[in-house]
Amino acid sequence: MKQVSLAAIEKAIEVIDNLTDEQLENITELYADAQEALLGYVMTAPEEYKNEDLEGLLIYYFCLVLEAFKQEGIELRTIAEEDIDALEEPFFDMLDQYFESEDEEIIESFCDQPQLAQFMAMEVSEEDEDGSALSEETATQLFIVSLAMISLLNRAIVA
């Protein structure tokens, strides 16, 4: 299975962070059209968690993660509702194991994208350049949803 490298993540950050508002809107639309079910699934989180702060963060990381796969040259098939349904139970079982043991290997082996998982763990736990940090609640929610997204995308890699 192909894995996204740190270099591809860094390139994706460079691409996404240097877009104008209009370009960001265009790339969001492009990725939304390519992975409609995935974006729909991801965007249920702000409502489910009753956390509006997640909305913009999830769109940003949705684009960033998809761009990282693109930068790595990994082809993805379109994720369907069935893929999401099939992931949910094993995903929540894995999260229960992780929160009991706090063993990061559980997460990395489940989503099989260790660089992306580690990147997201750092993103939610560190302060931004301006010194701001996510609340613990928002950080945890963003991490969980991002891991589900990464796991789904990993399972959508075209061999």
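The structure under discussion appears in the preceding block.
The paragraphs below set out a description of the structure included in this document. This is a predicted model, so every value here is computed, not measured.

Thresholds applied
- Residues numbered from 1 in each chain as written.
- Predicted model: local features only at pLDDT ≥ 70, side-chain atom pairs only at ≥ 80, totals over all residues.
- Heavy atoms only, no water.
- Helix = DSSP H or I, 4+ residues; strand = E, 2+ residues; numbered from the N terminus.
- Contact = heavy atoms within 4.5 Å.
- Salt bridge = Lys/Arg side-chain N within 4 Å of Asp/Glu carboxyl O.
- Buried < 20%, exposed > 50% of the residue type's maximum accessible area, 1.4 Å probe, protein only.
- Expected span 1.5 Å × (residues − 1).

### Concerning the environment of Ala45
Within the secondary structure layout, Ala45 lies in helix α4 (residues 45-49). Ala45 sits 97 residues away from Leu142 along the chain, and the two C-alpha atoms are 8.7 Å apart. Those residues in contact with Ala45 that sit more than four places away from it in its chain are Lys50, Leu54, Leu58 and Val145.

### Quick look at the pattern of salt bridges
Tallied over the full model, the rule gives two salt bridges. The shortest N-O distance in the salt bridge between Lys11 and Glu14 comes to 3.9 Å. Of this pair, Lys11 and Glu14 both sit in helix α1 (residues 6-17), three residues apart, roughly one helical turn. Taking the relative accessible area as the measure of exposure, Lys11 reaches 36% and is therefore partly exposed. On the accessibility criterion, Glu14 (47% relative accessible area) is partly exposed.

### Quick notes on helix α5 (residues 54-72)
Helix length check: α5, at 19 residues, gives a terminal C-alpha distance of 26 Å against a target of 27 Å (1.5 Å per residue), a fit within 8%. Looking at the buried side of α5, the elements it contacts are α1, α2 (21-34), α3 (36-42), α4, α8 (114-125) and α9 (136-155). Trailing α5 by a residue or two, Gly73 shows a phi angle of about 80°, which is positive.

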